[in-house]
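Letter by letter, the chains look like this.
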Amino acid sequence: MKSVLGVLLAIIGVIVLVVVFLAFTLWGSYNGLVTSQQLVENSWADVQNVYQRRADLIPNLVKTVEGAANFEKSTLIDVTKARQQVSNVKINPADPQALQQFQQSQDALSGALSRLLVVVERYPDLKANANFLALQTQLEGTENRIAVERRKFNGAVKDYNISIKRVPTVFFAAMMGFTPRPYFSANPGAENAPDVNFNFGGGNATKGDASANGNSAPPAPSPTPKFIVTPTPAN
């Protein structure tokens, strides 16, 4: 009788130990997932902040450019429309389709801004405008920050997705609401801040100087600038 009772107590003890072990494992895994999830959310907030900074700079940029005589209005309209589309996108970054829509709208705005910078090269007054130059510098810095924050977001998503697929977490992560998150993956090269280089084929620095030195001959028309984009390597 005593031996049977001893066996039962041993079995109960083993069960209790297993339950306690599983409870601590579940507790630790859950806390780890919460931490990883919050890192993703924090990284996403940083992405939104830098995009919002760019959007906030655009109205002042448009207002400055509008002051140039005969500036190409279609370019400004494209920038304004692209910014409005970005503002209208409401996104849940956990939804792959919503994240893709967000990326597309931001890429469209990046393209419109790039075209604006190319067109500005044809307007010497704007190129010498201190306010425009300051805004351009801020935009370039913001583009760099966008590239950095995108990479950080993808890094946080990678760590989170790895966490929910590890054993034993993979067996209960979905039941607790932890599902895989999509990566921020734009078009090839679109996630990299552009290196803007206006290449006029040489000799453009002295154009227009002839009239300033008393030469009555009109300056030769400036060729269309070549917008060279040199992507930075992505992680």
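What counts, and at which threshold
Residues numbered from 1 in each chain as written. Predicted model: local features only at pLDDT ≥ 70, side-chain atom pairs only at ≥ 80, totals over all residues. Heavy atoms only, no water. Phe/Tyr/Trp six-rings, centres within 6.5 Å; stacked < 30°, edge-to-face > 60°. Helix = DSSP H or I, 4+ residues; strand = E, 2+ residues; numbered from the N terminus. Buried < 20%, exposed > 50% of the residue type's maximum accessible area, 1.4 Å probe, protein only. Salt bridge = Lys/Arg side-chain N within 4 Å of Asp/Glu carboxyl O. Core = buried A, V, L, I, M, F, W, Y, C linked by side-chain atoms within 4.5 Å. Contact = heavy atoms within 4.5 Å.

## As for the packing of aromatic side chains
Here comes step 1: Here the structure, examined in full by the defined rule, presents eight aromatic pairs.
Here comes step 2: Taking 5.4 Å as the distance between ring centres and 55° as the angle between the ring planes, the aromatic pair formed by Trp-44 and Phe-153 counts as tilted. Placement of the pair is Trp-44 in helix α1 (residues 2-66) and Phe-153 in helix α5 (residues 130-165), with a sequence separation of 109 residues.
Here comes step 3: Take Trp-44: its relative accessible area is 4%, and that puts it in the buried class.
Here comes step 4: For Phe-153, a relative accessible area of 0% puts it in the buried group.
Here comes step 5: Taking the centre distance of 6.5 Å and the plane angle of 15° together, the rings of Tyr-51 and Phe-184 count as stacked. Taken as a pair, Tyr-51 in helix α1 and Phe-184 in the loop between α5 and β1 (196-199) lie far apart in primary sequence, 133 residues in all.
Here comes step 6: Overall, the relative accessible area of 4% leaves Tyr-51 in the buried class.
Here comes step 7: By way of ring pairs, the aromatic residues Trp-44, Tyr-51, Phe-102, Phe-153 and Phe-184 are connected into one cluster.

## A look at the pattern of salt bridges
Here comes step 1: Counted according to the given criterion, the structure contains five salt bridges.
Here comes step 2: Salt-bridge contacts for Glu-41 lead to Arg-181; the nearest nitrogen and oxygen are separated by 3.0 Å. Of this pair, Glu-41 sits in helix α1 while Arg-181 sits in the loop between α5 and β1, and the two are 140 residues apart along the sequence.
Here comes step 3: Residue Glu-72 is joined to Arg-122 by a salt bridge in which the shortest nitrogen-to-oxygen separation is 2.6 Å. A residue pair is termed long-range when its members are at least 10 positions apart, and Glu-72 in the loop between α1 and α2 (73-88) and Arg-122 in the loop between α3 (96-120) and α4 (124-127) qualify at 50 residues.

## Structural notes on the environment of Thr-142
Here comes step 1: Relative to the assigned elements, Thr-142 resides in helix α5.
Here comes step 2: Distance from Thr-142 to Val-50, taken between C-alpha atoms, is 6.4 Å for residues 92 residues apart in sequence.

## Some words on the nonpolar core
Here comes step 1: Formed by 23 residues in total, the largest nonpolar core has its most connected members in Leu-61, Val-65, Phe-71, Leu-116 and Leu-126.
Here comes step 2: For this core, the secondary structure elements donating two or more residues are α1, α2, α3 and α5.
Here comes step 3: Among the elements that make up this core, the one with the highest residue count is α3 (seven residues).
Here comes step 4: Ignoring sequence-local partners within four residues, the contact set of Leu-126 consists of Thr-64, Val-65, Ala-68, Phe-71, Val-120 and Phe-132.
Here comes step 5: Trp-44, Val-50, Phe-153 and Phe-178 belong to the second largest nonpolar core, which has 20 residues in total.

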